[in-house]
Amino acid sequence: MKARTRAVVAALCAVGLLVVLVAGRPRGILAVGLALLCVLLGMVAAMAVTAARHGDDRGPVEPTPAGQPRTGLYGVDADTLETLDNEEAVRALRERYRRLDGLNDR
């Protein structure tokens, strides 16, 4: 179900519950339950609208584990290379990071 459809359905359900609360004036636990459900549906509608604005049709993004390089660096970080005293490898790794991040300190 797309985010826009989800937003419309949740908003219509929330408005319907609000009409039941105002017109029917239920008492006791039923009124509390309907009010909480109305708030919950309003929040679902708001989140679905936000998702629709940000474009929910994008494919799922696979998260990278914390502390792992983003692409092709094979899990070797600069501290490890410095520990091994390989200055050329450290320079090459830093250059790759600069190209990946789009940053250049020159």
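Residues numbered from 1 in each chain as written. Predicted model: local features only at pLDDT ≥ 70, side-chain atom pairs only at ≥ 80, totals over all residues. Heavy atoms only, no water.

1. Brief notes about the environment of Ala35
What counts here: Here a strand is any run of E in DSSP of at least two residues, a helix any run of H or I of at least four, and the numbering for each starts at the N terminus. Summary of the burial criterion: residues with accessible area below 20% of their type's maximum are buried, those above 50% are exposed, and those between are partly exposed, where the area comes from a 1.4 Å probe applied to protein chains only.
The residue Ala35 is located in helix α2 (residues 29–54) in this model. On the basis of relative accessibility, which here comes to 31%, the residue Ala35 falls in the partly exposed class. Sequence separation between Ala35 and Ala14 is 21 residues, and the spatial gap between their C-alpha atoms is 9.3 Å.

2. Quick word on the environment of Pro26
What counts here: In this analysis, two residues are considered to be in contact whenever any of their non-hydrogen atoms come within 4.5 Å of each other.
Here Pro26 shows up in the loop between α1 (3–24) and α2. With residues near it in sequence (within four places) discarded, Pro26 still touches Val20, Leu21, Ala31 and Leu34.

3. Things to note about α2
Stated precisely, the cut-off is as follows: Here a helix's expected span is defined as the number of its residues, less one, multiplied by 1.5 Å.
Between its terminal C-alpha atoms α2 stretches 38 Å, which fits the 38 Å expected from 26 residues at 1.5 Å a residue. Contact partners of the buried residues in α2: α1. Just beyond α2, the residue with positive phi is Gly55, at close to 80 degrees.

4. Details of the UniProt feature "transmembrane region" (unreviewed entry) in the protein
Going by this rule: UniProt positions are given in the numbering used here, feature names are shortened, and annotations may be inferred rather than shown by experiment.
Under the feature "transmembrane region" (unreviewed entry), the UniProt entry names residues 34–52. Annotation note: span residues 34–52, helix share 100%, strand share 0%, distance between end C-alpha atoms 27 Å.

5. Focus on the packing of α1 against α2
For clarity, the threshold we go by: In this analysis, axes come from line fits to C-alpha atoms, helices being fitted only over the stretch in contact, and the angle between any two N-to-C directions falls in the range 0 to 180 degrees. Should an angle lie under 35 degrees it is considered roughly parallel, over 145 roughly antiparallel, and from 65 to 115 roughly perpendicular; all remaining angles are considered oblique. Take the far helix as the reference: if the near one is turned anticlockwise from it by less than a right angle, the crossing is left-handed, and if turned clockwise, right-handed. Residue polarity is assigned by list, with Asp, Glu, Lys and Arg as charged and Ala, Val, Leu, Ile, Met, Phe, Trp, Tyr, Cys and Pro as nonpolar; anything else, Gly included, falls into the polar class.
Close contact between α1 and α2 brings their axes to 8 Å; oriented N to C, the two are set at 155 degrees. Of the possible angle classes, the one that applies to α1 and α2 is roughly antiparallel. As α1 runs across α2, the sense of the crossing is left-handed. Residue classes in the contact of α1 with α2 are distributed as 22 nonpolar, 1 polar and 2 charged.

6. Considerations on the nonpolar core
One broad rule of soluble globular proteins: the nonpolar side chains tend to lie buried together. For the record, the criterion: Nine residue types can take part in a nonpolar core, namely buried Ala, Val, Leu, Ile, Met, Phe, Trp, Tyr and Cys, and a core is a set of them joined through side-chain atoms within 4.5 Å.
Counting residues in hydrophobic clusters, the biggest one holds 6 residues: Ala14, Leu17, Leu21, Leu34, Cys38 and Leu41. Of all the secondary-structure elements, those providing two or more residues to this core are α1 and α2. Discounting chain neighbours no more than four positions away, the residues touching Leu17 are Leu34, Leu37, Cys38 and Leu41.

7. Thoughts on unusual backbone geometry
One non-glycine residue, Arg25, lies in positive phi territory at about 45 degrees. As for its placement among the helices and strands, Arg25 is situated in the loop between α1 and α2.

8. Overview of α1
Using the following cut-off: What the arc covers is the set of directions going from the helix axis to the C-beta atoms.
Helix length check: α1 (22 residues) gives 31 Å between terminal C-alpha atoms against 32 Å at 1.5 Å per residue, within 8%. By the burial criterion, the buried members of α1 are Ala3, Ala7, Ala10, Ala14, Leu17 and Leu21. Down the axis of α1, the buried set is contained in an arc of 100 degrees. They therefore lie on one face. Exposed and facing more than 90 degrees away from the buried side of α1 are Arg4, Leu12, Ala23 and Gly24. On the buried face of α1, the contacting elements are α2. In the segment just after α1, Arg25 is the residue with positive phi, at about 45 degrees.

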